[in-house]
Structure formats: C-alpha cells, structure tokens
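Report on the structure
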Amino acid sequence: MTSHENIEKKLEELAQSITPNGTLVEKVMSRIDTKHIAELSIRRFITNPFIKLSAAAVIIITTGIGIYYFTCGTTPAFGITDLPELFEQAKVIHIQGWNYFAGHRMPDGAEIPPAEIDNWIDLENGRSRYTGTGLSIDKNGVSVTTAETISDGQYQICLNHTERHATFFRISDYQRMLNAYLISKLMYGQIFGEIEQLQNFEKVGYEQIDEVVYDIWQRDTIHAVTEHANRFKFWISPNSGKLGRVQVWSKENDGQWELDNDYCDIEYNVVIPDGIFSMDIPQGYTSKNTKETAIASELGGGGGVGYSDDQYDLRANTLIGFMMGDGSVIAAWHSVNNKSQTPQEEFFKGLEFGGPLPKLPVEVYGLKPAGLSSDITYTGYHLTYTQKAGKFIEWSLYVPDRTPPASARKLGYDVLYRFNLDPEPKTTIGLTVDCNLLIESAKDFEKWVLEAMAELSDDGKAPADVSYERVLQLAERIKSKNN
Amino acid sequence: MRTDAELVNAVLNGEKQAFAVLVKRYERPVRAIALDVLGDYHLAADVSQDAFVKSYEKLAELRKPEAFGPWLMKITRRCAINSARRKPEQTRLRTKIAAAIENPDGSLDEDKQRLLAAVVKLPGAERQVVMLRYFADNSVKDVAKIVGRNIGTVTKQLSRARKRLRKILERSEL
C-alpha cells in the first residue's frame, strides 16, 4: 500500500464503510430545535474579542490607568523564552501524542508501531494521568507495554493495558509532598524539563496547524556520556504564546534524524472530561489488590542501567537528587550484582563521610549537566547510606570542578558510571538523575533530604551524622582543594 | 456552495437550517473520528449526534467561523473520549480496538481501522481536507471553497497528507 492510487482507493473504501446515517440530520435538528438562537447571539457578543477589549478599555479608562494603550499598541510576539511563564499560569494541561521508538527495530528490521500517549495534569488538585510505554527487546522479539498511571493525590492505580491488570499504590506523606511540589513547578512530565532549555534554540520556520500559525523553534543536544544527539522542536504561536506541538528527534547511527516523540495536541486549562482520574478498574482487567491493600509506593522513579551475561547481572538505579545552593548535588543510588554471592554490606564497610564512593557493581562516580555543551564534571564523594527492605542505598555528594550554569538544575544531570568488571563492558545506555529540588537552607535540608533518607530507611530515621552544615563544609573543602 | 464560515455566520444570525448543511457536510468525518476512538459503529453514531448538538450550543464561542471543521473534530474527539471513559466495558481507546469483521456488527476490519487511525493522526488542516475530500465526497474545488483556501493549497495539503499516510501505514504494516 505505497502508491498514490492505492492510498486514494483505500480512503474511498474506508469512506464507504462509514455509511451516513439517514436520520442524523433530523435527529440533530430536532435536538437543537429548543435552543433559542438569541442566546447564541448574546454569547457571541460577549465572547467577541473586540467587544471584550472595548469593555476592558472602558473599565481601564474610568480607573485612569493607561493599560488600554499598552494592550492595543503593542504587537504580541511570543517566543520560546515566554514558555515557562505561560506554563506557570496553566492549571490543567493535556498532552496527546505518539512515541515512535526511534532507533529500535523489530528483529526483522521493520519499524515498531507507535504507541499513543495521552496525559493529563490537574495542578490545582494534584491529580495526574500518565500513559507510559515500555519496550523490551530480547531474542524472542520486541514487545511494547502500554500502561497508565492515574493518581488522585493519595493513591495511584497503574493499569497495564498490555497484560490487562491493575495495581493500587499508596503514596507516602513525603511522596505526596514531593509530587505536589514537582507538579506545582511544572517539572513533572515529558516536556516540561525540556522547555526550560531555552538557550540556543533558534527559529527554523513556521507552520499553520488548525488555522493557527506557529513559529518552529529547534535545538540539538548531545548526551554527555553516550554522545547521542537529540533534536527538540517546539511549535509556538507568536500571537498567543500557545505551545501547539513538541517533537523529539533522535539521530541514528546512519546520521539520519528519526522522530522519537511527537506531542501533537497540547491544551491548557481545558475542561477535564468526566472519569479522566477515575480509579475504577476497567472491566476485563484483573486487579492485584485494592485501595485497602494498596502497596506502598517506592520513592525514586529514577532510571536504571544494567549489564547481564552468563556470569554477571549488574544493575544500578538513581533514586532521587537534590541541588545544593552552592551548586553541588546530592544523589541517592543503588546498585547490585544479582548473580553475586557477596553481601551488600561488604561494599559499605569502612566508608567515611567525604571519602571515596563504595565500589558497587555499577559505580556512579560522577555527573555532568544534561543537555549542555559543557565539560564541567561533578566528582562523587560518599556521604552515608541507608537500608530499606534489604536494599542498600548510597547517598553521595557530587562537587563540580567549576561553577555550573544556573540552568544545570533545570536540566538534570547525565550520570557518569562504570561497571566494576575487568574488562569493563561497553554500553551506550544513558542514565540521568533529576534534581528538581533546590536546597538553600537547613530547613530545606531537613524537609527534603533528611526526610528522603528517612523514607528510604527501615527505621524511618535519617542517619544522625549528616547535616546541612557538614555537607556544605565538605563541598567547600573539596572546591578549595580543586582550586 | 456556501463556505463553512458563511454557514456558521448564517446560523448565528438565526438561519437554523444552515446548521443542517454543516451536519450533512461533516457527518462522515465526525462519524469517522468517533469510530476511531470508540471502535464501535453504534456508539460512534450516538457520539456524532452529541458532538453536533454540542457544537451548536458552543457555536458562539467559535472565534473564527472558518475554523469550524477542525473545531468540530476536536469536540467530537472529546465527546468520544468521554463516552469511552463512561463505558470502559464496551470500548477501549484506539490502541485497544479489537480486530473485527467488516460492518455487520458495526466495526471496521483491521486494515480500515489502521487507515482510519492514520487519518485521525494527520495534522488538523490535512485531516480536514482528507475527510472532506474522501469521506464527504467533495471535489477538490468544493473542499477549497468549504475551507476557504485556494485550490493549490488544498491540493498540496492532500498530497502531503497522502504521503504522510503512506509513511504512517508503512510503519504500522508489520
């Protein structure tokens, strides 16, 4: 089905299958018969922008403020740098689009069918609905998992649409606090981190979508570790500042750009349809539990990397990160070799506050600001560790070798890691840690860092030897030594 | 033939029958969008009716009468999603549409579902002209008149849309 004629024929056949309903016009006309057209005319009068403007002018002129002239006398011209402010004003955000799995193919080389994304965020009420897609590739082929996570602020339900099952999670007080903070800062979602990367975007053209003309802004980034290139494109209306579309492209080995994500329908402050945040289990789905028996959700949605062969199964995950006011970063991470008999506690013996990191199977030895063409490197030092449900969590301080740009926090960090094997396996998997929380006082430190440590401890307490002052002093000492 | 904008203005000026022309013009495109979301012909028929009534109720809020088509399609999609949410037992969203036999029970076969999903995925302006051209059986000249663009623009949009459809379908024909 590749020729022009074929497409036309198929479209005609499809149209024939969608037979018109002979009574639709009558039914619609009978339903609208009771509506009075005068109501519409009045509403049109009110919603007409020019009439609105005149009304506003009257009010403004009578109060003696010259905003009327400002409103009418300037040509609106929104650009990419206006996006954060426009997003800040949004109370409801809806993003719809497609994940194309760029760079991945079926075993026979064919492309993987795209997966639909349909996300909602209700900022005022802390509710969200996210579509997630997962890709697993093994010798049996490629499988795509589509899942939705719906949160009402207290509970989450995860719906696995591929296997048709549902699982309830309970969110802890800390997670609730964290989610509310992250949502309020609009840093929760696929595109919000990216819109902060405002520098070095350039306008590359324009396009009309649904009668609205959008400027197209573009920027390429290169991952610090994998050197993988991505291209971000934003469609922004110069008249209203509306973000109409976002695309993320990926540069493949042959040098070609492939579309990875296409968020083609972005709406703000629309009425949320009924049932969007419903936590009801769809019929035909099996439920692993109920709200009453919900599983406690684990803190740390960070990504992971791994290496596996007959002898080794090495894994590492980043859990949470914080940026200190002086530019250094605290990150929690976890690493195991599932095929090793060495107990985890062995790795943490003899470690000192401010000393070298534990030689875990995968070692997160440093960070680099994500998405920036920068050679700044953050070197890791051990702070402490916590234990939860048999898992050992390393808490490290990463100190930059020079002053990082202010945008570093917004972009997150690419993780520099090594597999502690000889020879070291090579991988091109990128890993990042988000640091959306800025710690500028002892109070912030207690509220966010120590509470996170407590959350990730069996006894619910943070280690006693870590404090805001000690961490800052350590960072200062390392910086002085570097200079 | 009157343009969408002329018809919308006529309705707003009290000529209710002008809305019947819009319903007739967009019946199949609206049905197609609803069918794409719901995967069920009968549900799609109900939703189509709701979408037209809703668009009538909100017609005064449409700032650009010439944008009636894309605006109506958005309303339809929203109505269909609402319906799907209310009736999860009867339908899942597009990704979950079950393959079905042709028409007797109101469903489309798999190829047609795929093509319909691809059409719906087109950018708004292209989607509108494809639907008006093929689903509502208008000539290119009539489509141009309805949407208030020149014939050259519509021809280009149709051509781009077909190319895009080919790409989307090639991706999904696995």
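**Considering the overall build of chain A**
Helix and strand content of chain A: twelve helices and 22 strands. Residues counted as buried form 31% of the 483 residues belonging to chain A. Across chain A, the fraction of contacts at a sequence separation of at least 24, relative to all contacts at a separation of at least 6, is 58%.

**Side note on the overall build of chain B**
A tally of regular secondary structure across chain B gives eight helices and zero strands. Ordering the α and β elements of chain B from the N terminus gives α-α-α-α-α-α-α-α. Expressed as a percentage of the 174 residues in chain B, the buried residues total 51%. Contacts in chain B between residues far apart in sequence, at least 24 positions, make up 66% of those at least 6 positions apart.

**Let's talk about the environment of Leu116(B)**
Along the chain, Leu116(B) falls in helix H5 (residues 110–121). Separated by 79 residues in sequence, Leu116(B) and Val37(B) place their C-alpha atoms 9.9 Å apart.

**Focus: helix H6 (residues 124–135) of chain B**
All names here are of chain B. Its twelve residues give H6 an end-to-end C-alpha distance of 15 Å, which sits within 8% of 16 Å, the value for a rise of 1.5 Å per residue. Those residues of H6 not exposed but buried are Gly-124, Ala-125, Glu-126, Arg-127, Gln-128, Val-129, Val-130, Met-131, Leu-132, Arg-133, Tyr-134 and Phe-135. Backbone geometry just after H6 places Asp-137 at a positive phi near 60°.

**Structural notes on the environment of Ile376(A)**
All names here are of chain A. Along the chain, the position of Ile-376 falls in the loop between strand E17 (362–369) and strand E18 (378–388). Judged by local crowding, Ile-376 falls into the partly exposed class, with 17 C-beta atoms found within 10 Å. Residues Ile-376 and Arg-402, spaced 26 residues apart in sequence, show a C-alpha to C-alpha distance of 6.5 Å. Among residues more than four places away in sequence, those in contact with Ile-376 are Lys-368, Pro-369, Pro-400, Asp-401, Arg-402 and Pro-404.

**Describing the environment of Gln387(A)**
If you trace the backbone, Gln387(A) turns up in strand E18. Discounting chain neighbours no more than four positions away, the residues touching Gln387(A) are Phe392(A), Ser457(A) and Asp458(A).

**Digging into the pairing of strand E6 (residues 165–170) of chain A**
Each regular strand displays side chains that alternate between the two surfaces of the sheet. All names here are of chain A. Relative to E6, strand E5 (residues 155–160) runs antiparallel, the two being bridged by six bridges. Considered in E6, the bridge of Leu-159 is made with Ala-166. Joining the antiparallel neighbours E5 and E6 is a turn of four residues, in which Arg-164 adopts a positive phi near 55°. The pairing of E6 with strand E12 (residues 286–287) spans two bridges and is classified as parallel. Its bridge partner lying in E12, His-165 is registered against Thr-286. Note: E6 against strand E13 (residues 295–296), two bridges, orientation parallel. Counted as the bridge partner of Arg-170 is Ala-296 from E13.

**Structural notes on the packing of H6(B) against helix H7 (residues 140–147) of chain B**
All names here are of chain B. Between H6 and H7, the least distance of the axes is 9 Å, while the angle of their chain directions is 130°. The angle between the axes of H6 and H7 places the two elements in the oblique class. You can see that H6 and H7 cross each other, and the crossing is right-handed. Of the residues in H7, those in contact with Gln-128, Val-129, Leu-132 and Arg-133 of H6 are Val-140, Val-143, Ile-146 and Val-147. The residue makeup of the contact of H6 with H7, split by class, is six nonpolar, one polar and one charged.

**Observations regarding the nonpolar core**
Membership of the largest hydrophobic core comes to 63 residues, with the highest contact counts inside it found for Ala34(B), Leu35(B), Leu38(B), Val47(B), Leu72(B), Ala80(B) and Val129(B). Top element by residues in this core is helix H2 (residues 17–38) of chain B. It accounts for eleven residues. Once you skip the residues sitting within four places of it in the chain, Leu72(B) turns out to touch Tyr26(B), Val30(B), Ala51(B) and Ser55(B). In this structure, Phe322(A), Met324(A), Ala332(A) and Leu456(A) belong to the second largest nonpolar core, which totals 47 residues.

**Some points on the confidence of the model for chain A**
In the predicted model, chain A carries a mean pLDDT of 76, and 74% of its residues have values of at least 70. Low confidence marks residues 186–196 of chain A, where pLDDT is under 50. Its contacts with residues over four positions away, or in another chain, come to 26 contacts.

**Some thoughts on the pairing of strand E10 (residues 243–251) of chain A**
Residue and element names in this part refer to chain A. When strand E9 (residues 229–236) meets E10, the two strands line up antiparallel, connected through seven bridges. Bridge pairing links Arg-231 to Trp-249 in E10. Here E9 folds back onto E10 in antiparallel fashion, the turn holding six residues, of which Gly-241 has a positive phi close to 80°. Pairing of E10 with strand E11 (residues 257–268) involves six bridges; the strand directions are antiparallel. Looking at E11, one finds that Gln-247 is bridged to Asp-262.

So, how was this worked out
Residues numbered from 1 in each chain as written. Chains lettered and ligands numbered in written order. Predicted model: local features only at pLDDT ≥ 70, side-chain atom pairs only at ≥ 80, totals over all residues. Helix = DSSP H or I, 4+ residues; strand = E, 2+ residues; numbered from the N terminus. Buried ≥ 20, exposed ≤ 12 C-beta atoms within 10 Å, placed from the backbone. Contact = placed C-beta atoms within 7 Å. Expected span 1.5 Å × (residues − 1). Pairing = 2+ DSSP bridges. Axes fitted to C-alpha atoms, helices over the stretch in contact; angles between N-to-C directions. Parallel < 35°, antiparallel > 145°, perpendicular 65-115°, else oblique. Left-handed = near helix turned anticlockwise from the far one by under 90°. Nonpolar A, V, L, I, M, F, W, Y, C, P; charged D, E, K, R; others polar. Core = buried A, V, L, I, M, F, W, Y, C linked by C-beta atoms within 7 Å. pLDDT = per-residue confidence, 0-100.

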